[in-house]
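Geometric and topological summary
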Amino acid sequence: EQVVTVAGGVIVGILLFVLTGITAYLLWKKFCLLSSYEELTGPVKSTPVNAILQDQSSSEIQPKSTRSKSVPFIIPPTLHGRGWINLTKEEQIQEDRNSCMIPQSGPRSSFHSLGTINPELYKFPEDKSETDFPEGNIGRLWFSIEYKQASESLLISLIKVRKLQAPVESCSPFVKIFLLPDERYYLQSKTKRKTLNPQFDEDFVFQVSSKMLLQRTLKFLVYHVDKQKKHHLLGQVIFPLKNETLTDDSKVVIWRDLEKENLETPSEYGDIQFSLSYNDCLGRLTVVVLRARGLKLQDKSCAASVYVKVSLMNHNKFIKSKKTAPVLGSPNPVYNESFSFKANQTELDTASLSLSVLQNTEQTTHVLGRVVVRPFMYSRGKELEHWNEMISKPKELVKHWHALCNST
């Protein structure tokens, strides 16, 4: 029994000694590995991915790497088992599987997922105002307008004129700018020598209150100066401000085709210009009151307003009437207002349109003149011609001047 006890104690002691030796060996080996890793990585600064990528691009230019060959690049034990891709023969970098561990070198291009850019989608739309000129065009004018509420100033930028039709090749144009109804005061541009396509780029200012602004009309007159310094009118542009929304921040470039000024002398009571159109599909008669000229005002003060009353009649029976907005104190008012009336095609033979120009004063309303347009049964001359042309050109606006007659 004593021998067995002694043998058992010896065996247990040997086993404890062996286990202690193995544990000490393992601890010593782990300590040696950690100390060697810290010795290699401790003095070397961490290199960001951008620097590694720059080293890659520079390695294409410089055949020798800037990294010392005596110190190999060792992957830390904690990163073993991850996927790696080859950048150069001497360096390795992990694939960007975890964006939180390795920062992006820059924003990813959408080309990888969307393909190439179609340049046609990024082209500005072609400005056809420089190329599309209708037949018979005598020129086109570009300008911009802006209204400053605080200073009550109307700012006008005269930009350019193109395709002028001058009587001579060596045209020297300039522009006069009026703010109607005041035709006594105007602003004038510089004269451009020997060109049919003048570029002005000039700014002008009119003082006008916000209450009166929408009752004013811009008028541009384009002239040519000959060698004898005589002025020849090439065309005009009439632009009413009542349809425009003018604020401090709205500055829009506008273009208008030049119109020939009617050189005929006004009739005794003045003249009125309007357009007629008939839509046979909708049974709609449209009247566009454009302007009047040479009116014999009963009261010439600026407070007196002039407007046009348009009436539709059938067999001299009143059907319906509409009025334009009043224009203050001008013998040459500009309206540019459109009115529509329901009229069946069977009623056109007995229908008629009456346009009366009236002036409101403090005391009463004066009829300055009147014109009636109607079919063959009721009229002759220019009024009949205008009516027949409207019938022969459905859905087209037919424009004419008409002499006003005494209302009686």
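Since this is a predicted model, take the numbers as computed values, not measurements.

**Description of the overall build of the protein**
Each helix and strand counted, the protein has five helices and 19 strands in total. Looking at the protein as a whole, 35% of its 408 residues qualify as buried. In the protein, the share of contacts with a sequence separation of at least 24, taken over all contacts with a separation of at least 6, comes to 63%.

**Quick notes on the sheet that holds strand β9 (residues 231-240)**
Strand order in the open sheet formed by four strands is β6-β5-β8-β9, and the pairing between neighbours is antiparallel. Edge positions in the open sheet fall to β6 (182-188) and β9, since each of these has one partner strand only. Strand-to-strand twist across the sheet, computed as the mean angle between neighbouring axes with direction ignored, equals 25°. Relative to strand β8 (residues 217-225), strand β5 (residues 173-180) runs antiparallel, the two sharing eight bridges. Bridged to F178 within β8 is K219.

**Considering the UniProt feature "transmembrane region" (unreviewed entry) in the protein**
UniProt records the feature "transmembrane region" (unreviewed entry) for residues 6-28 in the present numbering. Structurally, residues 6-28 is divided into 100% helix and 0% strand, and its ends, taken at the C-alpha atoms, are 33 Å apart.

**Looking at the packing of aromatic side chains**
Tallied over the entire structure, the rule returns six aromatic pairs. Between F174 and Y223, the aromatic rings sit 5.5 Å apart at their centres with planes inclined by 15°, giving stacked as the arrangement. With a gap of 49 residues between them, F174 in strand β5 and Y223 in strand β8 connect regions that are remote in the sequence. This pair shows no difference in class: F174 is buried, exactly as Y223 is. With centroids separated by 6.1 Å and ring planes inclined at 90°, the aromatic side chains of Y185 and F206 adopt a geometry described as edge-to-face. One end of the pair, Y185, is in strand β6; the other, F206, is in strand β7 (residues 199-207), with 21 residues separating them in the sequence. Judged by its relative accessible area of 45%, Y185 is partly exposed. An aromatic cluster is defined as three or more aromatic residues linked by ring pairs; in this entry it consists of F143, F220 and F239. Taking NZ or CZ as reference, K176 lies 5.0 Å from the ring centre of Y223, over its face. Positioned over the ring face of F178 is K219, at 6.0 Å from the centre of the ring.

**Brief notes about the sheet that holds β7**
The pairing of strands in a sheet happens through backbone hydrogen bonds and is either parallel or antiparallel. Strand order in the open sheet formed by four strands is β7-β4-β3-β10, with antiparallel pairing between adjacent strands. Only two strands of the sheet have a single partner each, and these edge strands are β7 and β10 (252-257). Strand-to-strand twist across the sheet, computed as the mean angle between neighbouring axes with direction ignored, equals 25°. Two strands pair when backbone bridges link them, and strand β3 (residues 140-148) and strand β4 (residues 153-162) are joined in this way by nine bridges, in the antiparallel orientation. Paired with Y147 across the two strands is L154, which belongs to β4.

**Overview of the environment of Y186**
One can find Y186 in strand β6. Assessed through its relative accessible area of 33%, Y186 is described here as partly exposed. Residues contacting Y186, with those up to four places away along its chain left out, are K176, I177 and F178.

**Notes on the pairing of strand β17 (residues 351-360)**
By the criterion of burial, β17 is predominantly enclosed, with nine of the 10 residues buried. Note: strand β13 (residues 305-314) against β17, 10 bridges, orientation antiparallel. Its bridge partner being in β17, K309 is matched across the sheet by S356. By the bridge criterion, eight bridges tie β17 to strand β18 (residues 365-373) in an arrangement that is antiparallel. Bridging from a neighbouring strand, S354 pairs with V372 of β18. Hairpin connection, β17 to β18: the antiparallel pair is bridged by four residues.

**Quick word on the pairing of strand β11 (residues 271-279)**
Of all nine residues making up β11, nine are buried, and the element is well covered by its neighbours. Side chains D271, Q273, S275, S277 and N279 project from β11 onto one buried face, and the interleaved I272, F274, L276 and Y278 project onto a second face that is buried too. Pairing geometry for β11 and strand β12 (residues 284-293), over nine bridges, is antiparallel. Looking across to β12, one finds that Q273 is bridged to R291. Connecting the antiparallel pair β11 and β12 is a turn made up of four residues, with G283 showing a positive phi of about 60°. Judged from the six bridges that link them, β11 and strand β19 (residues 398-403) form a sheet pairing that is antiparallel. Within the sheet, the bridge partner assigned to F274 lies in β19 and is H400.

**Some remarks on the pattern of salt bridges**
Per the counting criterion, the structure on display carries six salt bridges. One salt bridge connects K148 with E146, and the closest N-O pair in it is separated by 3.2 Å. E389 is the salt-bridge partner of K393, the closest N and O atoms lying 3.2 Å from each other.

Thresholds, definitions, all that
Residues numbered from 1 in each chain as written. Predicted model: local features only at pLDDT ≥ 70, side-chain atom pairs only at ≥ 80, totals over all residues. Heavy atoms only, no water. Helix = DSSP H or I, 4+ residues; strand = E, 2+ residues; numbered from the N terminus. Buried < 20%, exposed > 50% of the residue type's maximum accessible area, 1.4 Å probe, protein only. Contact = heavy atoms within 4.5 Å. Pairing = 2+ DSSP bridges. Axes fitted to C-alpha atoms, helices over the stretch in contact; angles between N-to-C directions. UniProt positions renumbered as here; feature names shortened; annotations may be inferred. Phe/Tyr/Trp six-rings, centres within 6.5 Å; stacked < 30°, edge-to-face > 60°. Lys NZ or Arg CZ within 6 Å of the ring centre and 35° of its normal. Salt bridge = Lys/Arg side-chain N within 4 Å of Asp/Glu carboxyl O.

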